[in-house]
Amino acid sequence: MIEGLAALRIEVFRDWPYLYEGDAAYERAYLSDYASDGAICVAVWDGARLVGAATAAPMADHAGAFAEALPAGWPLEETLYCAESVLLARYRGRGIGHAFFDAREAHGRALGLKHAVFAAVTRRSDHPLKPRAYRPLDPFWRSRGYAPIDGAVARFAWRDVNESEETQKPLQLWARRI
């Protein structure tokens, strides 16, 4: 799964708002963190082609910059980190995003976890590469009961498609009780 998921992440995250100029070696190393016992990968296939996937793992297994961004006292041992939800554009609008969240949240509850957290990149509203027709996912996330956590912003560096060097990007953490 790691090779296919790495390729899918690179393809989907190349688009707005991530604009990620992906690197297969980095992706393989990053995704190896999801080889923990509590991790889950929900995959969508069209024949033999992986067209969508969502991953999650207990935050205690995936601590680091995301965990550090959470408010002091946040119960990491009770938290599921919902990492990527990546789906090729032509498969969107079919309820797959809801299925991704349903499966990960059910997995978190089965592990005895009480919170789900994910991170979403934030970009300037006047960014020159922002598509005119872009619709943010905030309404979808809010409809699922998620809300931004005040002050919980992680920072990660990657190279944008129009840049020659990596730059830091802010990622807002969102959460809900599961």
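A.B. asks: Can you explain the overall build of the chain? Please cite residues and give values.
C.D. replies: In terms of helices and strands, the chain carries five helices and six strands. The order of α-helices and β-strands along the chain, N terminus first, is α-α-β-β-α-β-α-β-α-β-β. For the chain, whose C-alpha radius of gyration is 16 Å, the value lies close to the compact-globule estimate of 16 Å for 178 residues. For the chain, the spread of C-alpha atoms along the three principal axes comes to 40 × 40 × 30 Å. In the chain, which comprises 178 residues, the share counted as buried stands at 43%. Taking all contacts inside the chain whose residues are at least 6 apart in sequence as the whole, residues at least 24 apart take part in 69%. Here the chain has roughly 9,400 Å² of accessible surface; of this, 51% comes from carbon and sulfur atoms. Across the chain, the 22 positively charged side chains and the 23 negatively charged ones have centroids separated by 8 Å.

A.B. asks: Tell me about helix H4 (residues 96-110), residues and numbers included.
C.D. replies: Under the 1.5 Å per step criterion, the end-to-end length of H4 is 21 Å for 15 residues, consistent within 8% with the ideal 21 Å. Of all the positions in H4, only Ile96, Phe100, Phe101, Arg104, Glu105, His107 and Gly108 are classed as buried. Buried-residue contacts for H4 involve strand S1 (40-46), strand S2 (49-58), strand S3 (79-87), strand S4 (115-121), helix H5 (138-143) and strand S6 (166-177). Where H4 ends, the next residue or the one after it, glycine 112, has phi of about 85 degrees, a positive value.

A.B. asks: Kindly report on the pairing of S2, identifying the contributing residues and their values.
C.D. replies: Most of S2 sits out of view: nine of its ten residues are buried. In the sheet, S1 pairs with S2 via seven bridges, with the strands oriented antiparallel. Across the sheet, tryptophan 45 pairs through a bridge with leucine 50, a residue of S2. What sits between the antiparallel neighbours S1 and S2 is a turn of two residues, in which glycine 47 has the positive phi angle 65 degrees. Relative to S3, S2 runs antiparallel, the two being bridged by six bridges. Each bridged residue has a counterpart across the sheet, and for glycine 52 the counterpart in S3 is leucine 87.

A.B. asks: Residues and numbers for the environment of leucine 111, please.
C.D. replies: Structurally, leucine 111 is set in the loop between H4 and S4. Sequence separation between leucine 111 and threonine 167 is 56 residues, and the spatial gap between their C-alpha atoms is 36 Å. Those residues within four positions of leucine 111 in sequence are excluded, and the remaining contacts are Gly38 and Pro58.

A.B. asks: Talk me through unusual backbone geometry; I want residue IDs and the actual numbers.
C.D. replies: Peptide bonds are mostly trans, and most non-glycine residues show a negative phi. Cis geometry marks the peptide bond from tryptophan 16 to proline 17; its omega dihedral reads 10 degrees. Position of proline 17 relative to the elements: it lies in the loop between helix H1 (2-13) and helix H2 (24-31). With a phi angle near 55 degrees, leucine 19 is a residue other than glycine that sits in the positive phi range. The topology assignment puts leucine 19 in the loop between H1 and H2.

A.B. asks: Quick one: what's the story with the pattern of salt bridges, residue by residue and with numbers?
C.D. replies: Two side chains that carry opposite charge are able to pair once their charged atoms sit near each other. Summed over the entire model, instances satisfying the criterion amount to twelve salt bridges. Here arginine 123 and aspartate 160 are joined by a salt bridge, their closest N and O atoms 2.8 Å apart. In this pair, arginine 123 is assigned in the loop between S4 and H5 and aspartate 160 in the loop between strand S5 (147-159) and S6, connecting sequence segments 37 residues apart. With respect to class, arginine 123 is no different from aspartate 160; both count as buried. The salt bridge involving lysine 169 is made with aspartate 160; its shortest N-O contact spans 3.3 Å. Here lysine 169 matches aspartate 160 in class, with each residue buried. Sharing partners across several salt bridges, the network here consists of Asp102, Glu105, Arg144 and Arg176.

How each quantity is defined
Residues numbered from 1 in each chain as written. Predicted model: local features only at pLDDT ≥ 70, side-chain atom pairs only at ≥ 80, totals over all residues. Heavy atoms only, no water. Helix = DSSP H or I, 4+ residues; strand = E, 2+ residues; numbered from the N terminus. Rg over C-alpha atoms; globule rule 2.2 N^0.38 Å. Buried < 20%, exposed > 50% of the residue type's maximum accessible area, 1.4 Å probe, protein only. Contact = heavy atoms within 4.5 Å. Areas by Shrake-Rupley, 256 points an atom, 1.4 Å probe, with all protein chains shown as cover. Lys, Arg positive; Asp, Glu negative; His and termini not counted. Charge placed at Lys NZ, Arg CZ, Asp CG, Glu CD. Expected span 1.5 Å × (residues − 1). Pairing = 2+ DSSP bridges. Salt bridge = Lys/Arg side-chain N within 4 Å of Asp/Glu carboxyl O.

In short, geometric facts, not functional conclusions.
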